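In case you want the letters, here they are:
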Amino acid sequence: MTRRGLVGALALGLAAAATGCDGDGGKPKPGPSPSTTPSTTTSATSSPTTSPSSGAPYTLRILAGSELQDMQPVLEDVRKATGVTVQLSYTGTLDGAQTVSSGKADGTYDAIWFASNRYLRLDQSAAGKLLSDTSVMLSPVALGVRSSVLGTLGWDPAKTTWSQVGAAVAAGKLTFGMADPSQSNSGLSALIALASAFSGAQAALTQDDVTKAAPALRAFFTGQKLTSGSSGWLAQAYQRTAQGGSGEMLGALVNYESVLLSLNRTLPSAGQLTVIRPTDGVVSADYPLTLLSSASAAAADAFSRLTAELLRPEIQRELSDVTERRPVVAGVAPGPGLGSDRRPELPFPGSRAVADALLAAYQNQLRRPSRTVYVLDTSGSMKGARLAALQQALGQLTGAGGNLAANGFREREEVTLISFADDVKWQHTHQIPADAPQTALAAINTDVQSLSAEGGTAIYSTLEQAYQLLAQQQAATPDDRFTSIVLMTDGESNEGASADDFTAFYRKLPAAGQAVPVFPILFGEGAKQQLQGIADLTGGKLFDAMTGSLDGVFEEIRGYQ
């Protein structure tokens, strides 16, 4: 495939990555059959120069990061050479790590392929589940600075450090978007790189390093104006605004180098990003293709053929051209858009406890707090199991019953619940304090458990009231928060304002109002077309709870708030 021909594949890959978890709500779909345990080990440094012999056709079930959708053109070439069809099921890196650690991947998948295994390998419960891994390609997490903004900062992109970036953000000269570290490997890698650089850590990151870096990190995250649960959606949101859509135009984007370079191919000149790999170091994704210990002997054989083919120089060159990632095989030059000067790798946390403490600090102390309105359909169709599922899902976010969700409500957060049917039944706002949040969390759960189902469904009218409420809250307390609306409904709007009415209402909102996205949840007999239209209009994203659990979707949305 020529480089010109690859542009279309890249653009499709970027869009697909942005929606990689969308169709299944971010939850992996299981493969067809269980398997038995082999005992093989492969090397990450092998680089065969000829194609391995094609063996028996085999479909390898791989749980993978959503950004790997851009690998499809390469994997099709690999299938022709080896007979191995790769069946990718997409999830976020950290959610995928949890799937492996919990044992849910055993027998369902033959292998995993995430951006990195480093967080997973900190979990002792996962130690016996990974049989071997082979690094296939590299992409450092970098900073893409809008070229017009770069000129005002006076930086030389080849000599810029994280300290310079931090100083510019703290001085109010630079805003940026970054994925949530609790859901996305690019966000986690960026957070670790910043903590390492700001603390001056020379070895594995410790709690003392995190404490030392906290003031600089807190100042840095005042400039974060966009968050997301995936690196792909983050890029898509920047792209939409750069092309004239809703949202705040950011000065920079923190993401994989490969995503930033691919994104540039779709952007107008005013939105073009200059990719900066800070000279004091980066944290890179190395995309280790990893055989699970539960895989069968046949799967292990197919895995060996697949990895050998992926490491052939010809395929490594194709990988770099198609995906903008860097080859791992010595002697294979990176694609023409990739700089050849090296950057040191910054240290990763030395234990799971340090990594989790850093994530907790980010959520509760370092990042900007959030303001969210939950618009909850309690029409008659929600009676019974559906209402119970909603109460359980939201209850878990409060830690009710001792079952605190991993992405539960955070300290310093403002949460408004609106119960609606053919009109708003009630609305309550809760402030979760930084100290002793239990009382506020219990009050939210009390409201949730009081929900009752009756009446019709007035989606658009209620959304208009939610926007009006947010405007009042922002006017009353002009603080700096991530602001969004979550809409959960099992039906279609059959009362009140129409879709056209809502569109006209939304377009008359001031810029601050139009910057608030709606994240609809498709549930029950929800009208997908209506909900997708709401997400598209407001710059949100549709989440599907029809093929996955409602509580899982509510947790996934937390990455976007």
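Residues numbered from 1 in each chain as written. Predicted model: local features only at pLDDT ≥ 70, side-chain atom pairs only at ≥ 80, totals over all residues. Heavy atoms only, no water.

## Section: the packing of aromatic side chains
In total, this model carries 18 aromatic pairs according to the counting rule given. Plain terms: the ring middles of tyrosine 374 and phenylalanine 554 are 6.2 Å apart, the flat faces sit at 35° to each other, and that makes the pair tilted. Of this pair, tyrosine 374 sits in strand β13 (residues 370–377) while phenylalanine 554 sits in helix α20 (residues 550–557), and the two are 180 residues apart along the sequence. In this structure tyrosine 374 comes out as buried when scored by relative accessible area, which is 1%. Following the ring pairs from residue to residue traces out a cluster consisting of Phe176, Phe198, Phe220, Phe221 and Tyr362. Positioned over the ring face of tyrosine 287 is arginine 325, at 4.7 Å from the centre of the ring. (Phe/Tyr/Trp six-rings, centres within 6.5 Å; stacked < 30°, edge-to-face > 60°. Helix = DSSP H or I, 4+ residues; strand = E, 2+ residues; numbered from the N terminus. Buried < 20%, exposed > 50% of the residue type's maximum accessible area, 1.4 Å probe, protein only. Lys NZ or Arg CZ within 6 Å of the ring centre and 35° of its normal.)

## Focus on the sheet that holds β13
Judged by pairing direction, the sheet is mixed, and its 6 strands sit side by side in the order β15-β14-β13-β16-β17-β18 without closing on themselves. The two strands at the open ends of the sheet, each matched to only one other strand, are β15 (424–431) and β18 (543–544). The sheet contact formed by strand β16 (residues 482–489) and strand β17 (residues 518–522) spans 5 bridges and is parallel. The partner of leucine 487 across the bridge, within β17, is proline 520. Sheet strands in contact with helix α19 (residues 528–538) are β16 and β17, and its direction is about 165° off that of β17. (Pairing = 2+ DSSP bridges. Contact = heavy atoms within 4.5 Å. Axes fitted to C-alpha atoms, helices over the stretch in contact; angles between N-to-C directions.)

## Looking at the pairing of β13
Among the 8 residues in β13, 8 count as buried, and that is most of the element. Burial of β13 is two-sided: the residues Ser370, Thr372, Tyr374 and Leu376 facing one way and the residues Arg371, Val373, Val375 and Asp377 facing the other way are all buried.

## What about the nonpolar core?
Trp113, Leu310 and Phe554 are the most contacted members of the largest nonpolar core, which has 135 residues in total. Residue contributions to this core peak at 9 residues, all from helix α7 (residues 185–199). The contacts of phenylalanine 554, once residues within four sequence positions are left out, are Tyr374, Leu390, Ala393, Leu394, Leu397, Val486, Met488 and Ile521. Core analysis: the next-biggest nonpolar cluster, separate from the first, contains 25 residues, Val375, Ile485, Val516 and Ile534 among them. (Core = buried A, V, L, I, M, F, W, Y, C linked by side-chain atoms within 4.5 Å.)

## Some thoughts on the pattern of salt bridges
Inspection of the entire model under this criterion finds 25 salt bridges. Between arginine 305 and aspartate 301 there is a salt bridge, with the nearest N and O atoms lying 3.2 Å from each other. Placement of the pair is arginine 305 and aspartate 301 together in helix α11 (residues 297–310), with a separation of 4 residues, close to one helical turn. Looking at arginine 305, the relative accessible area reads 8%, which means it is buried. One salt bridge connects glutamate 525 with arginine 386, and the closest N-O pair in it is separated by 2.7 Å. (Salt bridge = Lys/Arg side-chain N within 4 Å of Asp/Glu carboxyl O.)

## Some points on the pairing of β17
With respect to burial, β17 is a largely interior element, 5 of its 5 residues being buried. Neither face of β17 is open: one carries Val518, Pro520 and Leu522, the other Phe519 and Ile521, and all of them are buried. Inspection of the sheet shows β17 paired to β18 by 2 bridges, in the parallel sense. Considered in β18, the bridge of leucine 522 is made with aspartate 544. What joins β17 to β18 is α19, and the crossover it makes is right-handed. (Right-handed = clockwise from strand over helix to strand, strands pointing away.)

## Let's talk about α11
Compared with an ideal rise of 1.5 Å per residue, which puts 14 residues at 20 Å, α11 spans 20 Å between its outermost C-alpha atoms and is within 8% of the ideal. Among the 14 residues that make up α11, 10 are buried, leaving the element largely enclosed by the rest of the structure. Listed as buried for α11 are Ala299, Ala300, Ala302, Phe303, Arg305, Leu306, Thr307, Ala308, Glu309 and Leu310. (Expected span 1.5 Å × (residues − 1).)

## Digging into the environment of isoleucine 521
Take isoleucine 521: it is sitting in strand β17. For the pair isoleucine 521 and valine 486, spaced 35 residues apart in sequence, the C-alpha separation works out to 7.6 Å. Other than its neighbours up to four places away in sequence, isoleucine 521 contacts Val486, Leu487, Met488, Thr489, Leu531, Phe543, Ala545, Leu550, Val553, Phe554 and Ile557.

## Some words on the confidence of the model for the protein
Taken over all residues, the pLDDT of the protein has a mean of 88, while the share at 70 or more is 90%. Low pLDDT, under 50, characterises residues 1–46; the stretch is placed with 117 contacts to residues that sit more than four places away or in other chains. (pLDDT = per-residue confidence, 0-100.)

## Side note on helix α15 (residues 438–449)
The end-to-end C-alpha distance of α15, which contains 12 residues, comes to 16 Å, matching closely the 16 Å that a straight helix rising 1.5 Å per residue would cover. When α15 is considered as a whole, its buried residues turn out to be Ala440, Leu441, Ile444, Asn445, Asp447 and Val448. Looking straight down α15, one finds that the buried residues subtend no more than 155° of arc, so they occupy a single side. Opposite the buried face of α15, at more than 90 degrees from it, the exposed residues are Gln438, Thr439 and Thr446. Packed against the buried residues of α15 are α14 (385–398), β14 (414–420) and β15. (Arc of directions from axis to C-beta.)

## Description of the side chain of arginine 481
As for its position among the elements, arginine 481 is in the loop between α16 (459–476) and β16. A polar side-chain atom of arginine 481 sits 2.9 Å from the main-chain carbonyl oxygen of arginine 412. For arginine 481, the contacting residues outside a window of four places in its chain are Arg368, Pro369, Ser370, Arg371, Arg412, Glu413, Glu414 and Gln431. (Polar contact = N/O pair within 3.5 Å; in protein donor to acceptor, adjacent residues only side chain to side chain.)

## Overview of the environment of arginine 146
Along the chain, arginine 146 falls in strand β5 (residues 137–146). Ignoring sequence-local partners within four residues, the contact set of arginine 146 consists of Tyr238, Met249, Leu250, Gly251, Ala270, Gly271, Gln272 and Leu273. Of note is the side chain of arginine 146, whose polar atom sits 2.8 Å from the backbone oxygen of leucine 250.

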